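The residues making up each chain are set out below.
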Amino acid sequence: MSTAIVITSGKGGTGKTSLTGGVASCLAALGHRVLCIDMDIGLRNLDLTLGLSDRALMDFTDVLSGRCTLERAAVPHPEIQGLFLLTAPVNLPGTPLDEAAMKALLRQAREQYDYILMDSPAGLGEGFRLACCGADRAVVVSTTDASALRDAQRTVAVLRGRIPRIHLVVNRVQPKLLRRLHTTIDDAMDTAGLPLLGIVPEDPQVLLCANQGTPLILRASRGAAIAYLNIARRLLGQRVPLMKLH
Ligand SMILES: Nc1ncnc2c1ncn2[C@@H]1O[C@H](COP(=O)(O)OP(=O)(O)OP(=O)(O)O)[C@@H](O)[C@H]1O
Ligand SMILES: [Mg+2]
């Protein structure tokens, strides 16, 4: 059985693309066939994060419109077996995108992949709706900022009733800052109104690896790399304790 997961947030810059690339790499490294779909039309960057920008020539709208097959458009990662990327177009398409066509693409992808991770654009607009329309699960990514948590809450209100399983990931966690703010991860969960799938620490390796186009898991074995691996394992149904942050 294949699972389609949308990674979303409401607020921009919370770490959706980093998490999508990181968790997808881990799921593939754990032996699964994984397709990442960049749904951020016009502002794509999952291709850069995964180091696939030279290879990803056809995008998901080429598949939606029938210009290209999914098999041709989905590019394999050269170093991580089982990891594929279907990128987003650089320019806005002339015609509005069709949810029925997106669901058909997902049905086809489900036959070929164990996990489909869709990197949603920020906001609650058309791109977000398209990314959510065929998903079985949603992961809402927030930082500990009050504004990001409030946007996460709004996102959840839109998703409830449409997507059966919705979880929270709190990203860029700095324990010292949390202490100074007199707040906790539990407060973040309460504000967002969601069960927690994981926490990801603030880690400069996330930016360094993204700039080099290298999946974090190939370079690091601590910090955010472990957090992404833990999240991948929880998505697989394994019980993994929350990582201790110092
Ligand atoms: N855990 C982390 N530690 C440090 N930096 C991080 C972490 N997660 C993400 N970042 C950095 O935050 C910035 C935004 O991350 P990213 O592009 O993944 O966010 P996004 O939610 O996809 O943004 P957008 O809404 O623009 O699509 C990037 O520079 C990224 O390297
Ligand atoms: Mg992004």
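Note that the structure is predicted; figures quoted are calculated from it, not measured. (Residues numbered from 1 in each chain as written. Chains lettered and ligands numbered in written order. Predicted model: local features only at pLDDT ≥ 70, side-chain atom pairs only at ≥ 80, totals over all residues. Heavy atoms only, no water.)

Q: Help me understand the site of ligand 1 in this model?
A: The full set close to ligand 1 counts 17 residues, and Gly-13, Lys-16, Thr-17, Ser-18 and Asp-203 are the nearest of them. Between an oxygen atom of ligand 1 and a side-chain N or O atom of Lys-16, the distance comes to 2.7 Å. Pro-201 is positioned such that a nitrogen or oxygen atom in its backbone is 3.0 Å from a nitrogen atom of ligand 1. Contact with the protein chains covers 80% of the free accessible surface of ligand 1, which is 630 Å². Of all elements in the fold, only helix H1 (16–29), strand E7 (165–173), strand E8 (196–201) and helix H10 (204–212) reach the threshold of two or more residues within the shell around ligand 1. Among the elements that line the shell around ligand 1, the one with the most residues is H1, at 3 residues. Tallied by class, the residues present in the shell around ligand 1 amount to 5 nonpolar, 7 polar and 5 charged. (Near = heavy atom within 4 Å. Polar contact = N/O pair within 3.5 Å; in protein donor to acceptor, adjacent residues only side chain to side chain. Areas by Shrake-Rupley, 256 points an atom, 1.4 Å probe, with all protein chains shown as cover. Helix = DSSP H or I, 4+ residues; strand = E, 2+ residues; numbered from the N terminus. Nonpolar A, V, L, I, M, F, W, Y, C, P; charged D, E, K, R; others polar.)

Q: Help me understand helix H5 (residues 99–112) in this model?
A: Since the α-helix turns once every 3.6 residues, residues separated by three or four places project in the same direction. When the terminal C-alpha atoms of H5 are compared, their 20 Å separation across 14 residues agrees well with the 20 Å that a helix rising 1.5 Å per residue should span. Listed in full, the buried residues belonging to H5 are Met-102, Leu-105, Leu-106 and Ala-109. Axial view of H5: buried residues confined to an arc of 100°, hence all on one face. Set apart from the buried face of H5 by more than 90 degrees, the exposed residues are Arg-107 and Glu-111. Those residues of H5 that are buried are in contact with strand E2 (34–38), helix H3 (60–64), helix H4 (70–73), strand E4 (83–86), strand E5 (115–119) and helix H6 (126–132). Where H5 begins, one side-chain oxygen reaches toward the backbone nitrogen of Ala-100, 3.1 Å away; that side chain belongs to Asp-98. (Expected span 1.5 Å × (residues − 1). Buried < 20%, exposed > 50% of the residue type's maximum accessible area, 1.4 Å probe, protein only. Arc of directions from axis to C-beta. Contact = heavy atoms within 4.5 Å.)

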